[in-house]
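Architecture and fold: a report
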Amino acid sequence: MKKSIFTVAAVVGLLAVTTSFSSTDLVETPSKANTEVSVKDAKTKTYPVRYGLISQSGTKMLSGSGFDLGGFVAKNTATGDEYFTGQYNYRALPQYSEEDLPEGTYEVSGIQGQGGWVGYGTVIATVSDENIDDDGYITIYVPITWEE
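This is a predicted model, so every value here is computed, not measured.

1. Structural notes on the nonpolar core
- The biggest cluster of nonpolar side chains holds 23 residues, and the ones touching the most others in it are Tyr-51, Leu-53, Leu-101, Val-108 and Ile-140.
- Looking at this core, the elements with two or more residues in it are strand 2 (49-54), strand 4 (69-76), strand 8 (104-112), strand 9 (118-120), strand 10 (122-127) and strand 11 (138-147).
- The leading source of residues in this core is strand 11, at four residues.
- In contact with Leu-53, other than residues within four places in its own chain, are Thr-59, Lys-60, Met-61, Phe-67, Leu-69, Phe-72, Leu-93, Tyr-120, Tyr-141, Val-142 and Ile-144.

2. Brief notes about the packing of aromatic side chains
- Counted by the stated rule, this structure contains three aromatic pairs.
- Both rings, one in Tyr-51 and one in Phe-72, keep their centres 4.9 Å apart while their planes meet at 15°; by these two values the pair is stacked. Here Tyr-51, found in strand 2, pairs with Phe-72, found in strand 4; they are 21 residues apart in sequence, far enough to count as distant.
- Aromatic side chains Tyr-83 and Tyr-106 sit 6.1 Å apart centroid to centroid with 70° between the ring planes, which places their arrangement in the edge-to-face category.

3. Observations concerning a negative patch on the surface
- Together, Asp-81, Glu-82, Glu-98, Glu-99 and Asp-100 line one region of the surface with negative charge.
- Inspection of the secondary structure puts Glu-98 in the loop between strand 6 (95-96) and strand 7 (101-102).

4. Observations concerning the sheet that holds strand 8
- Reading across from one edge, 5-4-8-10 is the order of the four strands in this open sheet, with antiparallel pairing throughout. Each edge of the open sheet carries a strand with a single partner, namely strand 5 (82-84) and strand 10. Ignoring which end each strand starts from, the neighbouring axes of this sheet average 30° apart.
- The pairing of strand 4 with strand 8 spans six bridges and is antiparallel. Across the sheet, residue Leu-69 finds its bridge partner in strand 8, namely Gln-112.

5. Digging into the side chain of Thr-85
- Tracing the backbone through its elements, the reader meets Thr-85 in the loop between strand 5 and strand 6.
- Within the local environment of Thr-85, its side chain forms a polar contact with the backbone nitrogen of Phe-72, the two atoms lying 3.1 Å apart.
- Side-chain polar atoms of Thr-85 contact the side chain of Gln-95, separated by 3.2 Å.

6. A closer look at the pattern of salt bridges
- Here the structure, examined in full by the defined rule, presents three salt bridges.
- Here Lys-45 makes a salt bridge to Asp-129, at a shortest N to O gap of 2.8 Å. With Lys-45 in the loop between helix 2 (32-43) and strand 1 (46-47) and Asp-129 in the loop between strand 10 and strand 11, this residue pair connects regions lying 84 residues apart in the sequence.
- Lys-45 gets classed as partly exposed once you look at its relative accessible area, which sits at 42%.
- Judged by relative accessible area, Asp-129 falls into the partly exposed class, the value being 41%.
- What you see here is one network of salt bridges that share partners, running through Arg-50, Asp-133 and Asp-135.

Calculation notes
- Residues numbered from 1 in each chain as written.
- Predicted model: local features only at pLDDT ≥ 70, side-chain atom pairs only at ≥ 80, totals over all residues.
- Heavy atoms only, no water.
- Core = buried A, V, L, I, M, F, W, Y, C linked by side-chain atoms within 4.5 Å.
- Buried < 20%, exposed > 50% of the residue type's maximum accessible area, 1.4 Å probe, protein only.
- Helix = DSSP H or I, 4+ residues; strand = E, 2+ residues; numbered from the N terminus.
- Contact = heavy atoms within 4.5 Å.
- Phe/Tyr/Trp six-rings, centres within 6.5 Å; stacked < 30°, edge-to-face > 60°.
- Patch = residues over 30% accessible without salt bridge, like charges linked within 9 Å, V, L, I, M, F, W, Y side chains within 5 Å.
- Areas by Shrake-Rupley, 256 points an atom, 1.4 Å probe, with all protein chains shown as cover.
- Salt bridge = Lys/Arg side-chain N within 4 Å of Asp/Glu carboxyl O.
- Lys, Arg positive; Asp, Glu negative; His and termini not counted.
- Charge placed at Lys NZ, Arg CZ, Asp CG, Glu CD.
- Pairing = 2+ DSSP bridges.
- Axes fitted to C-alpha atoms, helices over the stretch in contact; angles between N-to-C directions.
- Polar contact = N/O pair within 3.5 Å; in protein donor to acceptor, adjacent residues only side chain to side chain.

Right, dumping it as structure tokens:
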């Protein structure tokens, strides 16, 4: 009798140990969706972007301060994603995108400042290797359309 109780206890113990090591809860495999996103992100090239203005007379301005400017926004025409300039130094040029922009075509606009004394136009710009300037940026100029 003692031998059969010992045998049953040993089998139960062996089963408990075996099933505890074969649990699938301990092993996590990445889902296919996560791997696809990772691969896509790894392939997306991004570029540093800086912004300047074009005066009403056609002069390109990449430096200066005192502009009635609330920053710049670049909207990807394919995805609708929007990218803004940093939250500092709005009234001075040049301004830089908060994050590097992925390759693509963008609709870029100036954002009117608090004074409302200047209006800015919109330009279509392509962000790609071909448009990198000597300083290592893609520089986009937005026209001033009206001033008071």
